[in-house]
Amino acid sequence: QVQVVESGGGLVQPGGSLTLSCVVSGNIFSIGTMAWYRQAPKKQRDFVGRIGNGGDTDYEDSVKGRFTISRDNAKNTAYLQINDLSPEDTAVYYCSANVRTSSSYRDYGMDYWGQGVLVTVSS
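Right, let's walk through the structure included here. Since we're looking at a predicted model, the values are computed, not measured. (Residues numbered from 1 in each chain as written. Predicted model: local features only at pLDDT ≥ 70, side-chain atom pairs only at ≥ 80, totals over all residues. Heavy atoms only, no water.)

## What about the overall build of the protein?
Scanning the protein from terminus to terminus reveals zero helices and 11 strands. Reading the protein from its N end, one meets helices and strands in the order β-β-β-β-β-β-β-β-β-β-β. Taking 123 residues into account, the globule formula puts the C-alpha radius of gyration at 14 Å, and the protein, at 15 Å, falls close to it. For the protein, the spread of C-alpha atoms along the three principal axes comes to 50 × 25 × 25 Å. Taken over 123 residues, the protein has a buried fraction of 38%. (Helix = DSSP H or I, 4+ residues; strand = E, 2+ residues; numbered from the N terminus. Rg over C-alpha atoms; globule rule 2.2 N^0.38 Å. Buried < 20%, exposed > 50% of the residue type's maximum accessible area, 1.4 Å probe, protein only.)

If you want it as structure tokens, here you go:
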């Protein structure tokens, strides 16, 4: 079993900052790429950014410079720091992680998703 749990969401004011956490637990052999997505009300789920096992990052162009993704491999955790929040950032934020659950060569990893955490930006 693998669990992915996001935390750190809530109500914040425009211009503020917050950091979301994504903790992976369970039957973990190794974790590859971890990624963040978000889904605004009545909108499709959009890619935000990802971070590889070695720390290399890739962001959607519109958020680059304001969003920062990091990870702590010792804690099986990824983070999404968002600065200068806008009401347009209001969405459910999802974390995914590619996880290998065994050392078998047959196990190339599978993506696991959290249930999402709501971020509401409002004054």
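## Some details on the sheet that holds strand β8 (residues 77-82)
Pairing is antiparallel across the open sheet formed by four strands, whose spatial order is β1-β3-β8-β7. Across the chains shown, the open sheet's two edge strands, defined by having one partner strand only, are β1 (2-7) and β7 (67-72). This sheet shows a mean twist of 15° between the axes of neighbouring strands, independent of strand direction. Two strands pair when backbone bridges link them, and β1 and strand β3 (residues 18-26) are joined in this way by six bridges, in the antiparallel orientation. (Pairing = 2+ DSSP bridges. Axes fitted to C-alpha atoms, helices over the stretch in contact; angles between N-to-C directions.)

## Observations concerning the state of the cysteines
When the sulfur atoms of two cysteines share a covalent bond, that bond is a disulfide. Under the criterion given, the structure shown has one disulfide. There is a disulfide in this structure between C22 and C95, and the S-S distance comes to 1.9 Å. Around the S-S axis, the bridge from C22 to C95 shows a dihedral of about -80° and counts as left-handed. Highlighted residues: C22 in strand β3 and C95 in strand β9 (residues 91-100), separated in sequence by 73 residues. Each member of the pair, C22 as well as C95, is classed as buried. (Disulfide = S-S within 2.5 Å.)

## A word on the nonpolar core
In this structure, L20, V24, M34, W36, L80 and Y93 are the most contacted members of the largest nonpolar core, which totals 29 residues. Broken down by secondary-structure element, the contributors of at least two residues to this core are β1, β3, β4 (30-39), β5 (45-51), β7, β8, β9 and β11 (117-121). Among the elements that take part in this core, β9 stands out by supplying five residues, more than any other. (Core = buried A, V, L, I, M, F, W, Y, C linked by side-chain atoms within 4.5 Å.)

## A closer look at the pairing of β11
The side chains of a regular strand alternate between the sheet's two faces. Of the two faces of β11, only the one carrying V117, V119 and V121 is buried; L118 and T120 on the other face are not. As paired elements, strand β2 (residues 10-12) and β11 share three bridges and run parallel to each other. Looking at β11, one finds that G10 is bridged to V119. Bridging between β9 and β11 involves three bridges; their strand directions are antiparallel.

## A look at the pattern of salt bridges
As a working rule, side chains carrying opposite charge can pair if their charged atoms are close by. Summed over the entire model, instances satisfying the criterion amount to three salt bridges. Taking the shortest distance from any N to any O, the salt bridge between D89 and R66 comes out at 2.6 Å. In this pair, D89 is assigned in the loop between β8 and β9 and R66 in the loop between β6 (57-59) and β7, connecting sequence segments 23 residues apart. A relative accessible area of 2% means that D89 is categorised as buried. One continuous salt-bridge network, built from bridges that share partners, spans R38, R66 and D89. (Salt bridge = Lys/Arg side-chain N within 4 Å of Asp/Glu carboxyl O.)

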